[in-house]
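The lines below spell out each chain.
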Amino acid sequence: MAHANQLKLDTAQGFLAALGYTCLAVEHGAYTYVRFLCPAGHEGCVSWNSFQQGTSRCVPCQTLVRNTKKLEAFRKMLADEGYVLQAESFEHSLTRCSVQCPQGHAWKVSWTQFKTHKHRCVHCFRESRFVPVGRVVALMEAAGFQILSGVDSYIDTRSYLKIQCPDGHTPY
């Protein structure tokens, strides 16, 4: 014999149908559960109270909505600093997404990394640390050093310029 306050199948079907869901079954036990098919075709089962209050319905659809909101928040955070998010999907804050910096460099970064790292684009950071050979030569000559090797022999920070200090010493 059914309890007077137990949920009836036709009541659940009417409520779910109004929201675009299909009620598959009503299960009674310690809690009343509703098995349903959501408008997107996902099958789910949640407590009647959770479904009725809207706190829990179709988990895959709710996850998609939540991730879409996070993706848009990440896109806005990047756009505020001139970056462009190239990813179309987002799983969680540790997912590395393709990003383009204001100078056009493409790289991957997660939401967490972008929020906590001081240096944004790896390529721009490396370029900011690079000192052109002309500036190095100008600084050395301003300090009284004489450049003995040709400036063309300087390739990068692992190559050397042969110099002579104002006292006439040659380091190597």
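Since the structure is predicted, the reported quantities are computational estimates derived from the model, not experimental observations.

Participant: Before we go on, may I ask you to explain the pairing of strand 1 (residues 22–27) in this structure?
Facilitator: Two faces make up the sheet, and in a regular strand the side chains alternate between them. Where strand 1 and strand 2 (residues 33–37) come together, five bridges link them in antiparallel fashion. Residue pairing for strand 2: Cys 23 is matched across the bridge by Phe 36. Here strand 1 hands over to strand 2 after five residues, the two strands then running antiparallel side by side.

Participant: Got a minute to help me understand the pattern of salt bridges in this structure?
Facilitator: Pairs may arise between side chains of opposite charge once their charged atoms sit close together. In total, this model carries five salt bridges according to the counting rule given. Residues Asp 80 and Lys 76 are paired through a salt bridge, measuring 3.2 Å at the closest nitrogen-oxygen approach. You can see Asp 80 and its partner Lys 76 sitting in helix 3 (residues 59–80), four residues apart, about one turn around the helix. Judged by its relative accessible area of 52%, Lys 76 is exposed. Bridged by salt links that share partners, the residues Glu 27, Arg 35 and Glu 43 form one connected network.

Participant: What is the right way to look at the environment of Val 34 in this model?
Facilitator: By the element assignment, Val 34 lies in strand 2. The spacing of Val 34 and Ser 128 is 94 residues in sequence and 59 Å in space, taken between C-alpha atoms. For Val 34, the contacting residues outside a window of four places in its chain are Leu 7, Leu 16, Cys 23, Ala 25, Gly 44, Cys 45, Val 46 and Trp 48.

Participant: Got a minute to help me understand the packing of aromatic side chains in this structure?
Facilitator: Two aromatic rings are characterised by how far apart their centres lie and by the angle between their planes. Under the counting rule described, the total for this entry stands at eight aromatic pairs. Between Tyr 83 and Trp 107 the ring centres are 6.3 Å apart and the planes differ by 70°, which places this aromatic pair in the edge-to-face class. Placement of the pair is Tyr 83 in the loop between helix 3 and strand 4 (84–85) and Trp 107 in strand 6 (residues 106–109), with a sequence separation of 24 residues. Neither Tyr 83 nor Trp 107 differs from the other in exposure class; each is buried. Relative to Phe 114, the ring of Tyr 83 has its centre 5.4 Å away and its plane inclined at 80°; by these criteria the two rings are edge-to-face. With Tyr 83 in the loop between helix 3 and strand 4 and Phe 114 in helix 4 (residues 111–116), the pair connects residues that are 31 residues apart, well separated along the chain. Side by side, Tyr 83 and Phe 114 carry an identical accessibility label, which is buried. Taken together, the ring pairs in this structure connect Phe 15, Tyr 21, Phe 36, Trp 48 and Phe 51 into an aromatic cluster. Arg 57 extends its terminal NZ or CZ atom over the ring of Phe 51, reaching a point 4.8 Å from the ring centre.

Reading guide: rules and limits
- Residues numbered from 1 in each chain as written.
- Predicted model: local features only at pLDDT ≥ 70, side-chain atom pairs only at ≥ 80, totals over all residues.
- Heavy atoms only, no water.
- Pairing = 2+ DSSP bridges.
- Helix = DSSP H or I, 4+ residues; strand = E, 2+ residues; numbered from the N terminus.
- Salt bridge = Lys/Arg side-chain N within 4 Å of Asp/Glu carboxyl O.
- Buried < 20%, exposed > 50% of the residue type's maximum accessible area, 1.4 Å probe, protein only.
- Contact = heavy atoms within 4.5 Å.
- Phe/Tyr/Trp six-rings, centres within 6.5 Å; stacked < 30°, edge-to-face > 60°.
- Lys NZ or Arg CZ within 6 Å of the ring centre and 35° of its normal.

Just distances and angles here, no functional claims.
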